[in-house]
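Residues per chain are reported as follows:
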Amino acid sequence: MISANDIKWLKRLHDKKSRNEAGLYLAEGSRLVLDLIHHNPELIHRIYATDGWIIQNEAKILQYKNFIIQLSESQLQ
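Below, the structure is looked at part by part.

In this section: the packing of aromatic side chains. Under the definition given, this model contains 1 aromatic pair. One residue, R46, lies across the ring of W9, its end atom 5.1 Å from the ring centre.

Laid out in structure tokens, this is it:
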């Protein structure tokens, strides 16, 4: 489950100034997230994903289960 504060924090990461202040960026999309997992896993802070995406990519993300927060489609929107 995602909190209202987490949602606000994620929305702030869409702003370049907020990303620079936090030293973070937001990677959106299955391909980009999987590439990040494969090439730079040390950069991962959290992964927000739907149950369907988690099931579809289970073998690729198995070792990152502790970084994953499961969301419904509506929450992800």
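So much for the structure itself; the text now carries on.
Once that is clear, we can look at the nonpolar core. Judged by nonpolar contacts, V33, L34, L36, I37, I44, I47, A49, W53, I54, I61, Y64 and I68 together constitute the single largest core of 12 residues. Secondary-structure elements contributing two or more residues to this core are α3 (30–39), β1 (47–50) and α4 (51–56). Among the elements that make up this core, the one with the highest residue count is α3 (4 residues). In this structure, I2, L10, L13 and L71 belong to the second largest nonpolar core, which totals 5 residues.

It is worth spelling out the environment of T50 at this point. One can find T50 in strand β1. Linking T50 and S74, residues 24 residues apart in sequence, is a C-alpha distance of 9.6 Å. Not counting residues up to four positions away in its chain, the partners in contact with T50 are L71, S72, E73 and L76.

Moving on: the pattern of salt bridges. A side chain with one charge may pair with a side chain of the opposite charge, provided their charged atoms come close. For the coordinates displayed, the defined rule picks out 2 salt bridges. With a shortest N-O distance of 3.7 Å, R46 and D6 are connected by a salt bridge. One end of the pair, R46, is in the loop between α3 and β1; the other, D6, is in helix α1 (residues 4–12), with 40 residues separating them in the sequence. By relative accessible area, R46 is classed as partly exposed at 35%. With its nearest N and O atoms 3.7 Å apart, the salt bridge here joins R12 to E21. By relative accessible area, which is 54% here, E21 ends up exposed.

A few words now on α3. Given 3.6 residues to a turn, an α-helix orients residues that are three or four positions apart in the same direction. Among the residues of α3, those classed as buried are V33, L34, L36 and I37. Mapping the buried residues of α3 onto a view down its axis gives an arc of 155°, with all of them on the same face. For α3, the exposed residues lying more than 90 degrees away from the buried face are R31, H38 and H39. Buried residues belonging to α3 abut β1, α4 and α5 (58–61).

Parameters and conventions
Residues numbered from 1 in each chain as written. Predicted model: local features only at pLDDT ≥ 70, side-chain atom pairs only at ≥ 80, totals over all residues. Heavy atoms only, no water. Phe/Tyr/Trp six-rings, centres within 6.5 Å; stacked < 30°, edge-to-face > 60°. Lys NZ or Arg CZ within 6 Å of the ring centre and 35° of its normal. Core = buried A, V, L, I, M, F, W, Y, C linked by side-chain atoms within 4.5 Å. Buried < 20%, exposed > 50% of the residue type's maximum accessible area, 1.4 Å probe, protein only. Helix = DSSP H or I, 4+ residues; strand = E, 2+ residues; numbered from the N terminus. Contact = heavy atoms within 4.5 Å. Salt bridge = Lys/Arg side-chain N within 4 Å of Asp/Glu carboxyl O. Arc of directions from axis to C-beta.

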